[in-house]
Amino acid sequence: FKSALTAFESIGNSETFIILYNFLNNQKYAAYHNQLERTVSLLIPQFMDETLGLIQTSNLNQLFTIFKLAEKNTTISKNNRCEISEKVLSKSILLVDSTSKVSSDDIEVQIAALKILTENKWTRASNIVISYFRLAKVMFSNDIISEDQFITTISSLSSVAPIDSVSALTAYLEELNSQKEKGIQISNDLVLSIIKTLGAIGDKSAFDSLLAVTYLNYDESVLTAAREALSGLRW
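Residues numbered from 1 in each chain as written. Predicted model: local features only at pLDDT ≥ 70, side-chain atom pairs only at ≥ 80, totals over all residues. Heavy atoms only, no water.

**What about the overall build of the protein chain?**
Counting its secondary structure elements, the protein chain contains 13 helices and zero strands. Going residue by residue from the N terminus, the α and β elements of the protein chain occur as α-α-α-α-α-α-α-α-α-α-α-α-α. Dimensions of the protein chain, computed from C-alpha atoms along their principal axes, come out at roughly 70 × 35 × 25 Å. Residues classed as buried in the protein chain amount to 46% of the 235 residues present. Partitioning the intrachain contacts of the protein chain with sequence separation of at least 6 by distance along the chain shows that 72% fall at a separation of at least 24. Accessible surface for the protein chain amounts to roughly 11,800 Å². Of this, 48% is attributable to carbon and sulfur atoms. Where the 21 positive side-chain charges of the protein chain centre and where its 26 negative ones centre are 3 Å apart. (Helix = DSSP H or I, 4+ residues; strand = E, 2+ residues; numbered from the N terminus. Buried < 20%, exposed > 50% of the residue type's maximum accessible area, 1.4 Å probe, protein only. Contact = heavy atoms within 4.5 Å. Areas by Shrake-Rupley, 256 points an atom, 1.4 Å probe, with all protein chains shown as cover. Lys, Arg positive; Asp, Glu negative; His and termini not counted. Charge placed at Lys NZ, Arg CZ, Asp CG, Glu CD.)

Dropping the structure here:
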């Protein structure tokens, strides 16, 4: 069986790929799990259509499995890696929206997929990443994701959705400004991430919300960042 798996790494077809992937979740083949993972992982670049099809029909646990299999293969091209990350993030948003149970593994996959899209400036996923920002905002307020994870989400917007995200970011900054006016404690790191992301994008429509920051009782680091962002806006 191990010899067959090794052979399939070079001669496997699309049918082989699906069969071996299904074996991963079959306890009868538990003794061969590591080698099955290796073979399926190595076949992913040849069978991207099948891989994306599996993502479309996956539950959260299966998404984690597929994403980890793709990560194990360092020969996967940048485009394929981004396409898998885009589809995984999109599917996970739908699945998380429809469940009250979100595990640390689910969040790990979402953030890892987001980081790949950010590193490669994969603007094709602009709408998906904005949707994830909205979901992350809800999850952060419900203590499902950490502040660092939420900040990673915010920071990604300047690379993946530099045009489409401005209105969502300014609306959130205005929301935080309103809370600050009422004396509610606001995290410096959180508001800084929004200001710096808006500054990196440089869209003039952020002017009012950034200017409002300078009139509020934020720490000096926040006020300085807001002034710098304002000075860099393109008119």
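**A word on the nonpolar core**
Counting residues in each nonpolar core, the largest one holds 80 residues, and the members touching the most others are Leu-89, Tyr-132, Ile-195, Leu-210 and Tyr-218. If we ignore the near neighbours within four places in the chain, the residues touching Ile-195 are Leu-173, Leu-210, Val-213, Val-222, Ala-225, Ala-226 and Ala-229. (Core = buried A, V, L, I, M, F, W, Y, C linked by side-chain atoms within 4.5 Å.)

**Things to note about the pattern of salt bridges**
As enumerated under the stated definition, the model contains seven salt bridges in all. As a salt-bridge pair, Glu-71 and Lys-68 come within 3.3 Å of each other at their nearest N and O atoms. In this pair, Glu-71 and Lys-68 both sit in helix H5 (residues 60-72), three residues apart, roughly one turn of the helix. Residue class for Glu-71 comes out partly exposed when judged on its relative accessible area of 31%. Residue Arg-227 is joined to Glu-220 by a salt bridge in which the shortest nitrogen-to-oxygen separation is 3.3 Å. Accessibility expressed as a relative area gives 47% for Glu-220, which makes it partly exposed. Beyond isolated ion pairs, a larger network of salt bridges with shared partners links Lys-68, Glu-71 and Glu-108. (Salt bridge = Lys/Arg side-chain N within 4 Å of Asp/Glu carboxyl O.)

**Observations concerning the environment of Lys-115**
The residue Lys-115 is located in helix H7 (residues 104-119) in this model. By relative accessible area, which is 42% here, Lys-115 ends up partly exposed. The sequence separation of Lys-115 and Ala-30 amounts to 85 residues, and the corresponding C-alpha distance is 31 Å.

**A look at helix H9 (residues 147-160)**
Here H9 spans 20 Å end to end across 14 residues, near enough to the 20 Å set by a 1.5 Å rise per residue. Of the positions making up H9, those classed as buried are Phe-150, Ile-151, Thr-153, Ile-154, Ser-156, Leu-157, Ser-159 and Val-160. At its buried positions, H9 is contacted by H7, helix H8 (126-141), helix H10 (166-181) and helix H11 (188-201). (Expected span 1.5 Å × (residues − 1).)

**Focus on the side chain of Ser-92**
Position of Ser-92 among the secondary structure elements: in helix H6 (residues 78-97). A polar side-chain atom of Ser-92 sits 2.9 Å from the main-chain carbonyl oxygen of Leu-89. Here Ser-92 is in contact with Leu-60, Leu-63 and Gln-110, once residues within four sequence places are set aside. (Polar contact = N/O pair within 3.5 Å; in protein donor to acceptor, adjacent residues only side chain to side chain.)

**Remarks on the packing of aromatic side chains**
Applying the stated criterion to the full structure yields ten aromatic pairs. When the ring of Phe-23 is compared with that of Tyr-29, the centres are 4.0 Å apart and the planes differ by 15 degrees; the resulting orientation is stacked. One aromatic cluster is present, built from ring pairs that chain together Phe-1, Phe-23, Tyr-29 and Tyr-32. (Phe/Tyr/Trp six-rings, centres within 6.5 Å; stacked < 30°, edge-to-face > 60°.)

**What to know about the packing of H6 against H7**
The contact between H6 and H7 brings their axes to 9 Å, and the two run at 140 degrees. What the angle tells us is that H6 and H7 run oblique. Judged by the sense of rotation from one axis to the other, the crossing of H6 with H7 is left-handed. Mapping the contact onto sequence places Arg-81, Cys-82, Ser-85, Glu-86, Val-88, Leu-89, Ser-92 and Val-96 in H6 and Val-109, Gln-110, Ala-113, Leu-114, Ile-116 and Leu-117 in H7. Broken down by class, the residue content of the contact of H6 with H7 amounts to nine nonpolar, three polar and two charged. (Axes fitted to C-alpha atoms, helices over the stretch in contact; angles between N-to-C directions. Parallel < 35°, antiparallel > 145°, perpendicular 65-115°, else oblique. Left-handed = near helix turned anticlockwise from the far one by under 90°. Nonpolar A, V, L, I, M, F, W, Y, C, P; charged D, E, K, R; others polar.)

**A short note on the packing of H7 against H9**
Viewed as axis vectors pointing N to C, H7 and H9 meet at an angle of 25 degrees, and their least axial separation amounts to 9 Å. With respect to H9, the element H7 is oriented roughly parallel. Between H7 and H9 lies a crossing whose hand is left-handed. When H7 is examined against H9, the residues Ile-107, Ile-111, Leu-114, Lys-115, Leu-117 and Thr-118 are found in contact with a partner set consisting of Gln-149, Thr-152, Thr-153, Ser-156, Ser-159 and Val-160. Tallied by class, residues from the contact of H7 with H9 come to five nonpolar, six polar and one charged.

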